[in-house]
Amino acid sequence: MRGLSLFTTLWLKLMGTRSHPGRQGFLDLALLVTGWVILSTEVLSLVRRLTPLAIALSWVLFSLGFGAYLWGTRRPRQPLSPIPVAPFDLEERVLLGGVGLILLLLGIMAAIAPPNTWDSMTYHLPRIMHWLQQGSVAHYPTANLRQLYQPPGAEYAMLHLYALWGSDRALNLVQWWSAIGCLVGVSLIAQHLGASRRGQVYSLVFVATLPMGILQATSTKNDYLCGFWLVCFIYFTLVAMERDRLTLPLLLRLSTSLGFLFFTKSTGYLFAFPFILSLFIRHWRIFRTPKIAFLVLPFVINLGHYGRNLAAFGSVFFTGDDIATNQSFTPLAILSNVIKNIALHLPISYETIIPIQNFIISIHQKISISANDPRLTWDNSSFNVVFSTSENTAGNPLHVYLLIIILLILCIHLQPRWTQDKIVLLYGGAVAGGFLLFCGVLKWQLWHSRLHLPLFIAIAPVVGVVMDDYFKRRIALYLCFLLLASSSFWLLWSETKPIASRANIFTIPRQEQYFMMLPYAASYQETATYLHQTGCDRIGLWMGADVWEYPLWTMLRDQPGAMPHLQHVFVENESNQLGSSRNQSEGAICAIAQIGPPQAPPIATPWGEFDQVWSPPSDARQLVTSQLHVYTKSSQSMLQK
């Protein structure tokens, strides 16, 4: 632990934090805190002491190290010479006030509403519960392999919040804070691209009003956090591009922000690649110096996760199957996916869905490729678009149409813009390159609109620059007001966290809010109560690959007494041998909670034969795949009968 205490001082000295106040200081602090989250998690996991007490002590240690550094580097107070800054005019204050109001409402929603999106229930949050239960982030047997192979950056942050808070009440704040960080990073990038203060405000309005961003800022997904690390890396890349040599503090910022991006979401590799390539072209001489060692830091940060994946699956980038990756890489195939991915953001109302869908299909007929080509479409699904207020499928229609207008303006003024300031076009081309890589590598899915969020955030500085340079001031102001006004729809009528409807996050009981997407609160609560009454302290989880596991954890946690040990049973995928001998030696399973269709008894297990003893009455109203059943040993079943 003493070695960990040196981490804060060493990091701060390398970064030169005290010489970078203001907005970059915010990014530096985020890098420092995240570095500590990852390091402390991995170290505690190695000794299987990933417990709430150990995590709390690690933050005490961090605070002591940070305080010692500040005390040791204190300087005599010198009179400050104020730098004249023009006050914000009325229009800027109004626009920033609108952005602030959106953030305030989102913060309230994030603090009040529980996590309740599909992926959070199936793998984001269950993996946190398993980690805390076993005191380690080691892979374990599970029916949902996404709990294992997906990058765990966001979940590491939520793990610490859950351990310190004792519940999931603070978990939504990871994405909310990421939204604030994105605004900071975007304003810095816009300033670096030559935007005036008004142009920076335009870019902030663009980001703050993104429908997908509004919906995700109160969730436990990870796309906003991915966007934050992307803009951090892009900002430090822009700083590096204008310098003749790379200093150690800048290299540390570049490498860690890129490593955290990879550690958060796999799409970060695609989005960052054009900027990585530009950086290498600009500073190719670094390969001749010892500083090249910093280039491996992003992979060192991910080494623990890579190693666990490699040991379990034989690949550091295991995806479980090939249904997500394109099987054709021709220009027409990429064009098809570009068109279909853009189409996800085009519907502006429910009435526009069918016309837009038919229009996209007709385009595909003209280019002689099917919109439903199974080589380019996830899991042989059919192409369609939706108009949604869900963080799973919502589009950003007004923002896409604004981007189309800006693209036309840039094409018209291409020669003047290239002559005046080619960095804006190069920057926009790099973001577009990330989008092309995304479309070229990944099969189209209806849920891709949420994965596009980091790209919308990254392109916002270009929007601010172009609106500032080429739009009349009144037109730019009206467009910003339109974006701010339209944001209220997604703020107030979110599918998972409604505010304006009669049944909203202030009136619906918290346990029921977990099930805003699937109305199964009663059966989960009844099952948790029954399992508690059995007195069983080791419960097997028998479920499919995309089943809502987390609600059972939280319902059992709310029961009086000690939380029982939960582990997956009857696992039929590559993880079935992970820790199986350790789990069997720790104790026998005395009850099995199944989510899915019931099985005919007796059920043969390593702990004996089990019979079905109970199903919640409310299951009669539910889908067969979501029914809950409880099994106990046959001898116990006979006694109960």
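Cut-offs used in this document
- Along each chain, residues carry numbers from 1 onward, in the same order as the chain's sequence is written.
- For this predicted model, a pLDDT threshold of at least 70 governs which residues receive local features, and a threshold of 80 or more governs which side-chain atom pairs are given and counted, while totals over whole chains, interfaces and linings are taken from all residues.
- As a rule here, side-chain values cover all heavy atoms of the structure and leave hydrogens and water aside.
- DSSP bridges decide pairing: two strands pair if at least two such bridges lie between them.
- The way it works is that DSSP assigns letters per residue, a run of H or I at least four long becomes a helix, a run of E at least two long becomes a strand, and they are numbered from the N terminus.
- All axes here are fitted lines through C-alpha atoms, helices being fitted over the stretch that makes contact, and every angle between N-to-C directions spans 0 to 180 degrees.
- Note on contacts: a residue pair qualifies if any of its non-hydrogen atoms lie within 4.5 Å across the two residues.
- Paired rings are identified among Phe, Tyr and Trp, the last through its six-membered ring, by centres lying within 6.5 Å, and are further divided according to the angle between planes into stacked (under 30 degrees), edge-to-face (over 60) and tilted (the rest).
- Only protein chains enter the accessibility calculation, which uses a 1.4 Å probe; a residue whose area is less than 20% of its type maximum is buried, one above 50% is exposed, and one in between is partly exposed.
- By the criterion used throughout, a crossover qualifies as right-handed when its path from the first strand across the helix to the second strand runs clockwise, the strands pointing away from the viewer.
- Within this analysis, patches are made of residues with over 30% relative accessible area and no salt bridge. Like charges are joined at 9 Å or less; nonpolar side chains (Val, Leu, Ile, Met, Phe, Trp, Tyr) at 5 Å or less.
- To measure how exposed things are, a 1.4 Å probe is used in the Shrake-Rupley method; for residues, cover is taken only from the protein chains shown.
- Here a salt bridge means any side-chain nitrogen of Lys or Arg lying within 4 Å of a carboxyl oxygen belonging to Asp or Glu.

Caption draft 1: Seen up close, the sheet that holds strand S2 (residues 565–568). Pairing is mixed across the open sheet formed by 6 strands, whose spatial order is S2-S1-S3-S6-S5-S4. Of all strands in the sheet, those with a lone pairing partner are S2 and strand S4 (603–605), marking the two edges. Shown here is a sheet whose adjacent strand axes are inclined to one another by a mean of 35°, direction ignored. Looking at chain direction, strand S5 (residues 608–614) and strand S6 (residues 628–633) are connected through 4 bridges and run antiparallel. Each residue of the ladder has a partner; that of Gln612, found in S6, is Tyr631. Along the sheet, helix H24 (residues 521–534) makes contact with strand S1 (538–542), strand S3 (591–595), S5 and S6, crossing S6 at roughly 15°.

Caption draft 2: Examining the packing of aromatic side chains more closely. The tally for this structure, following the rule as stated, stands at 28 aromatic pairs. A ring pair is formed by Tyr350 and Phe387, whose centres lie 5.1 Å apart and whose planes are at 85°; its orientation type is edge-to-face. You can see Tyr350 sitting in the loop between helix H16 (331–343) and helix H17 (353–366) and its partner Phe387 sitting in the loop between H17 and helix H18 (397–412), a full 37 residues away along the chain.

Caption draft 3: Spatial organisation of the environment of Leu477. Take Leu477: it is sitting in helix H22 (residues 473–492). Judged by relative accessible area, Leu477 falls into the buried class, the value being 10%. In the structure, Leu477 is positioned 275 residues away from Tyr202 in sequence and 8.5 Å away in space, judged by C-alpha atoms. The contacts of Leu477, once residues within four sequence positions are left out, are Glu91 and Leu95.

Caption draft 4: The arrangement of the pairing of S1 in detail. With 5 of 5 residues buried, S1 is to be regarded as a mostly interior element. Two strands pair when backbone bridges link them, and S1 and S2 are joined in this way by 4 bridges, in the parallel orientation. Each bridged residue has a counterpart across the sheet, and for Arg538 the counterpart in S2 is His565. One crossover worth recording links S1 to the parallel S2 by way of helix H25 (residues 550–557), and it is right-handed.

Caption draft 5: Summary view of a nonpolar patch on the surface. Side chains of Leu101, Leu104, Ile108, Ile112 and Phe506 sit close together on the surface and give an oily, nonpolar patch of about 450 Å² of accessible area. With respect to the secondary-structure elements, Ile108 resides in helix H4 (residues 90–112). A relative accessible area of 37% places Ile108 in the partly exposed class.

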